Amino acid sequence: MLRETDMDEEKAKRSERNVAVRVERLRKTYNSVVAADDVSFDVHEAEIFGMVGPNGAGKTTTIECIEGLRRPDSGNIRVFDLDPRRDGYALRARIGVQLQQSALQERIKVWEAMELFASFYSRAADWRALLEQLGLTEKRNAAFESLSGGQRQRLFVALALVNDPELVFFDELTTGLDPHARRAMWELVRGIREKGKTVFLTTHFMEEAERLCDRVAIMDRGRIVALDTPENLIRSLGAENRVVFTVEGPFDPQPLCRLPGVTRVETIGERIVVYGRGDMVVVEVVNALASKRIPFRDLRTEQPNLEDVFLTVTGHEMRD
């Protein structure tokens, strides 16, 4: 029978095994610019962890320090309990990296790039299956210079997965992709996690983080300002739902203001915004409009989202 101290030690060991990445008090500066300022967080195994924020927030600097591509000024980083700088060779066999900006020789063919990268590792995935999964089989003999932007992005994802990594880093994975290609990438990321692998991604698309990530760290001006599941971050706001619709002609908001759950009503020209809490706000609003015979159109509901969280915790909207 385990003693209480033994149980505590075993629990601690289990907890450590569940941590894929640990960052403690990371700081990185470029002359007078502080890119990462006292950044600390853990990434758990088999989760999709997202770091979100505007361009210039420090996301890429942070992820490149974790990957061992940049040397931090101070702080401690462990990836699978390895030091990215000291144990770089051992670590690179276990991680896959898709950089924010990448390039290959213009005339190298897709299959040649896959064969080359696979040769770097003692254990490699079937790169032909990766090309099939990413819709690049028909482009296997195409030169890199002939690929479209989306095809190049998919090729770099395939190269990041060619060593069958335990942890995959995606830095601004869907930037520049059209909506269809972006959603296809989301499905790919979910599939990677379903295989028990860990995904660490950065993005400035709040919708992407909200839909994909198990946990999200919101970063602004080099600091993490919030970290939790998307659901908990949104719930912590206590924010109101919004019912938005358009009317023609004069509109008296008072009947809506008196409805249960409605907190306020804004009139912006023909556009009406009703703020409220509770599951029945939409039904109450529609019933009130119908009973007063008020014609309306373009009615929709708006739920609080990560954009609202970012605005609340930083005091400003997302910027490019």
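Our structure is the block above this text.
Right, let's walk through the structure included here. Everything numeric here is computed off the predicted structure, so don't read it as measured data.

As for the nonpolar core
Okay, step 1: Counting 46 residues, the largest nonpolar core has Met-114, Leu-155 and Phe-170 as the members making the most contacts within it.
Okay, step 2: Among the elements that make up this core, the one with the highest residue count is helix α6 (residues 149-161) (6 residues).
Okay, step 3: When sequence neighbours within four positions are dropped, the list of residues in contact with Leu-155 reads Leu-104, Val-110, Met-114, Leu-136, Phe-144 and Leu-147.
Okay, step 4: Grouped together as the second largest cluster of nonpolar side chains are 24 residues, Leu-26, Phe-49, Ile-63 and Val-79 included.

So, the pattern of salt bridges
Okay, step 1: Within the structure shown, the criterion is met by 26 salt bridges.
Okay, step 2: Measuring nitrogen to oxygen at the nearest pair gives 3.0 Å for the salt bridge that ties Asp-37 to Arg-223. Of this pair, Asp-37 sits in strand β2 (residues 33-44) while Arg-223 sits in strand β9 (residues 223-228), placing them 186 residues apart in sequence.
Okay, step 3: For Asp-81, the salt bridge goes to Arg-78, with nearest N and O atoms at 3.5 Å.
Okay, step 4: Residue Asp-81 is classed as exposed on the basis of its relative accessible area, which comes to 57%.
Okay, step 5: Through salt bridges that share partners, Glu-240, Arg-264, Glu-266 and Arg-277 make up one connected network.

A closer look at the sheet that holds strand β3 (residues 48-52)
One key point about sheets: their strands pair by backbone hydrogen bonds, in either a parallel or an antiparallel sense.
Okay, step 1: The strand order across the open sheet built from 6 strands is β5-β6-β7-β3-β8-β9, with neighbouring strands paired in mixed fashion. Looking at strand neighbours, the two that pair on one side only are β5 (95-98) and β9, the edges of this open sheet. On average, each strand axis in the sheet is inclined to that of its neighbour by 15 degrees, with strand direction left out of account.
Okay, step 2: Examined bridge by bridge, strand β8 (residues 215-220) and β9 share 5 bridges and lie antiparallel to one another. Within β9, the residue paired with Val-216 across the bridge is Asp-228.
Okay, step 3: Packing against the sheet, α6 makes contact with β5 and β6 (167-171), and its axis sits at approximately 165 degrees to β5.

Considerations on the packing of helix α9 (residues 230-237) against helix α12 (residues 306-314)
Okay, step 1: At a minimum axis separation of 9 Å, α9 and α12 run at an interaxial angle of 60 degrees. Classified by the interaxial angle, the pair formed by α9 and α12 is oblique. Two packed elements cross with a definite hand, and for α9 against α12 that hand is left-handed. Residue-level inspection shows Pro-230, Leu-233, Ile-234 and Leu-237 of α9 in contact with α12, the latter providing Leu-306, Asp-308, Val-309 and Thr-312.

Some remarks on α9
Note: α-helices contain 3.6 residues per turn, so residues at a spacing of three or four share the same orientation.
Okay, step 1: Looking at α9, one finds that the buried residues are Pro-230, Leu-233 and Ile-234. Angularly, the buried residues of α9 cover 95 degrees about the axis, an arc narrow enough to put them on a single face. Relative to its buried face, α9 has exposed residues pointing more than 90 degrees away, namely Arg-235 and Ser-236.
Okay, step 2: Buried residues in α9 make contact with α8 (206-212), β8, β9 and α12.
Okay, step 3: The positive-phi residue at the C-terminal boundary of α9 is Gly-238, with phi of around 65 degrees.

Quick look at the sheet that holds β2
Okay, step 1: Strands sit in the order β2-β1-β4 across an open sheet of 3 strands; the sheet is antiparallel. Lying at the two open borders of the sheet, with one neighbouring strand each, are β2 and β4 (74-79). Averaged over all adjacent pairs, the angle separating strand axes in this sheet is 15 degrees, with direction ignored.
Okay, step 2: In the sheet, strand β1 (residues 19-30) pairs with β2 via 9 bridges, with the strands oriented antiparallel. Within the sheet, the bridge partner assigned to Thr-29 lies in β2 and is Val-34.

Quick notes on the rules
Residues numbered from 1 in each chain as written. Predicted model: local features only at pLDDT ≥ 70, side-chain atom pairs only at ≥ 80, totals over all residues. Heavy atoms only, no water. Core = buried A, V, L, I, M, F, W, Y, C linked by side-chain atoms within 4.5 Å. Buried < 20%, exposed > 50% of the residue type's maximum accessible area, 1.4 Å probe, protein only. Helix = DSSP H or I, 4+ residues; strand = E, 2+ residues; numbered from the N terminus. Contact = heavy atoms within 4.5 Å. Salt bridge = Lys/Arg side-chain N within 4 Å of Asp/Glu carboxyl O. Pairing = 2+ DSSP bridges. Axes fitted to C-alpha atoms, helices over the stretch in contact; angles between N-to-C directions. Parallel < 35°, antiparallel > 145°, perpendicular 65-115°, else oblique. Left-handed = near helix turned anticlockwise from the far one by under 90°. Arc of directions from axis to C-beta.

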